[in-house]
Amino acid sequence: MGIIKALLDMGAVVVLPIIIFLIGVFFRLRVKDAFKSGLTIGIGFVGVNLVIGMLVGNLGTATQKMSERFNLNLTTMDVGWPVESAISFATPLVIWVFILALVINLIMLTMNWTNVMNVDLWNFWHFIFTGALVYYTTHSMVLALIATAISIVIIIKLADWAAPIISKYFGMEGVTFAHMESINWLPIGYGINKLIDMIPGINKIDIRMNSGENKNTNSLMSIFGDPAIMGLILGAIIGALAGYGWKEVLMLAMNLAAVMFLMPRMVKILMEGLIPLSEAAQEFMNARFPGRKVYIGLDGAIAIGDPGIMSVGVIMVPISLLLAVILPGNTMLPFADLGIIPILLTWAIIPSKGNLFRALVSSIIVMSLILLIGSAMAPLLTTIAKEVGFAIPEGVGSVSSLDAGSHVLSYVIWKIFSLF
Amino acid sequence: MGLFSKLFKNNEGEKVEKKDVVVEEVNTTDNKKYRAIIACGSGVATSTMARKKIEKGFEERGLKVEITQCKIGELENLAKVQKPNFVIHTVVLPQGLTFDCPVFSGVPFLTGVGLTKALDEIIDSIKK
């Protein structure tokens, strides 16, 4: 037991590679490949940790100075989905959630409760994230795993409902999004659309999205969608608003551009380590349902190229920054996740069926909720990040992300389980 | 660590050598290195998964391929500059983009459904 405790104390950098190695061996990867997978994931962690220190140190001080000068309440940094996923993979829940997600999916398929096969191992971090919120609140592994199981069942059912819509809207057969942060907005997106239908006058407004302007959206997207340029511009703006001198402004802009560029690369290493496992899981599941027609659960980011989603997503970037400043109760300044706003808003936009007015109304409602949920999760996420060994310096405010705020299902489950 | 990395290097070195021998015996003469660009939403997530599977598929067929990853917004310009043999998109392709090379959907490489067929189609079209 002494050795196990010593290992656990070393944190994710050491423990996760061992866990991944064991899971790899279980899925009958060659020992060498399983070892390589574990090692790669460990390296990814070290990389993420390096960049987090840089991001939080630079951005934290600047946003605090800016908030003080303008009397804003923006004490929460948006550190982005890469950090949230790394934090999730660093919790002790990983191995149990992997098993739960596969077993629950297997049972649901066997009993014909679903047609979705979700083997997107990478995005299992969404389920871990739900469990982690409960675990670090209640300190009960059992409650955390019950919460995780509930989120898995709900997401698989949502993916079932979304499958026909996805094949109609995107023309992609046989796939669906078992992707919590986007698909958990499906009921809310359709709900908002129903509400607008009921308001006389407003329900008549129909502004068509102009499909002729795709070229413009593409070039806009390459600026707003380019993390390095976003980091540079926002770094300069935040630095100037914080009252920095020109040298410090340039330094901040350059550092934040570097963070935005480097962070996804680090996460890519994490991902590469998981790919052999993901393939093995896919084979494992496929072998059990030969010939069965199933929808494969994929990352919701597939939808990002859609012109409607892309143009509304781009318009929502400045609106989100404005919302952050004027929305009462919000403490989060959108930053690292600005580039994935189109993905997060997918299901606010799809129900509007090409009506720009409706897409914007529901996007603004959903973005407000994202900001508030992200703010509400910030204190706990900061605690979890520190607990699993990430380099969050003291006194620079709290960390959260737009992506964390998009986990509305995790939030609801967390709040319910906090009552226990 | 030194020992480990040495061990892996040796292993990998051996593997490559063996593969080369097999290629010479079985395969015809295709020593050309194909170039490809693969695009997804962030240039990181799904494009990494698809890239790995395409690389594996090409390697199994004794072909060489070099794949660059990018974001969907960069795909058209990057394709103009790099002039790849083919491009792949794992996300919905925005309308109005034009390419001088064949374009394929990367979805089969994410789901594993129809993967062999998709690979065959790619290879058929670039060998012409």
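Rules behind the numbers
- Residues numbered from 1 in each chain as written.
- Chains lettered and ligands numbered in written order.
- Predicted model: local features only at pLDDT ≥ 70, side-chain atom pairs only at ≥ 80, totals over all residues.
- Heavy atoms only, no water.
- Contact = heavy atoms within 4.5 Å.
- Buried area = accessible area lost by both parts, 1.4 Å probe.
- Salt bridge = Lys/Arg side-chain N within 4 Å of Asp/Glu carboxyl O.
- Polar contact = N/O pair within 3.5 Å; in protein donor to acceptor, adjacent residues only side chain to side chain.
- Helix = DSSP H or I, 4+ residues; strand = E, 2+ residues; numbered from the N terminus.
- Nonpolar A, V, L, I, M, F, W, Y, C, P; charged D, E, K, R; others polar.
- pLDDT = per-residue confidence, 0-100.
- Buried < 20%, exposed > 50% of the residue type's maximum accessible area, 1.4 Å probe, protein only.

Peer 1: So what exactly am I meant to see when it comes to the interface of chain B and chain A here?
Peer 2: By a widespread convention, an interface's size corresponds to the accessible area lost as its parts come together. Each partner contributes residues to the interface: chain B has 34 residues there, and chain A has 32 residues. Between chain B and chain A lies a buried interface of about 2,900 Å² when both sides are counted; carbon and sulfur atoms form 68% of it. Put simply, chain B and chain A have three salt bridges between them. B:Lys52 serves as the salt-bridge partner of A:Glu272, at 3.8 Å between the closest nitrogen and oxygen. Between the two partners, chain B and chain A, sit three residue pairs in polar contact (both at pLDDT 80 or more). It is helix H2 (residues 45-60) of chain B that contributes the most residues to the side of chain B that touches chain A, eight residues altogether. Among the residues making up the side of chain B that touches chain A, the classes are represented as 14 nonpolar, eleven polar and nine charged.

Peer 1: Could you clarify how one ought to interpret the environment of A:Val48 in this entry?
Peer 2: Residue and element names in this part refer to chain A. As for its position among the elements, Val-48 is in helix H3 (residues 31-70). It is 8.7 Å that separates the C-alpha atoms of Val-48 and Leu-262, two residues lying 214 residues apart in sequence. Apart from residues no more than four positions distant in its own chain, Val-48 is found in contact with Ala-86, Met-263, Met-266, Val-267, Leu-270 and Phe-390.

Peer 1: Quick question: what am I supposed to make of the confidence of the model for chain B here?
Peer 2: Caution is warranted with low-pLDDT regions, since their predicted coordinates should not be read in detail. Residues and elements named next belong to chain B. Residues at a pLDDT of 70 or more form 77% of chain B, whose mean pLDDT is 78. Here helix H1 (residues 2-26) is the element of chain B with the lowest mean pLDDT, 44, and strand E3 (residues 86-89) is the one with the highest, 94. Here residues 1-28 is modelled with pLDDT under 50, and outside its nearest four sequence neighbours on either side it reaches 13 contacts, counting other chains as well. For this predicted complex, the interface confidence reaches an ipTM of 0.71, while the overall pTM sits at 0.83.

Peer 1: Even after reading the chapter, I still don't get the pattern of salt bridges, so can you show me in this structure?
Peer 2: Where charged atoms of side chains with opposite charge meet at close range, the side chains can pair. With the rule as written, the count across this model stands at twelve salt bridges over all chains. Among the salt bridges present, the one from A:Arg358 reaches A:Asp197, with a minimum N-O distance of 2.9 Å. Of this pair, A:Arg358 sits in helix H16 (residues 356-387) while A:Asp197 is found in helix H9 (residues 186-198), placing the two residues 161 residues apart along the sequence. For A:Arg358, a relative accessible area of 9% puts it in the buried group. Take A:Asp197: its relative accessible area is 39%, and that puts it in the partly exposed class. When the shortest N-O distance is used, the salt bridge between A:Glu272 and B:Arg51 registers 3.5 Å.

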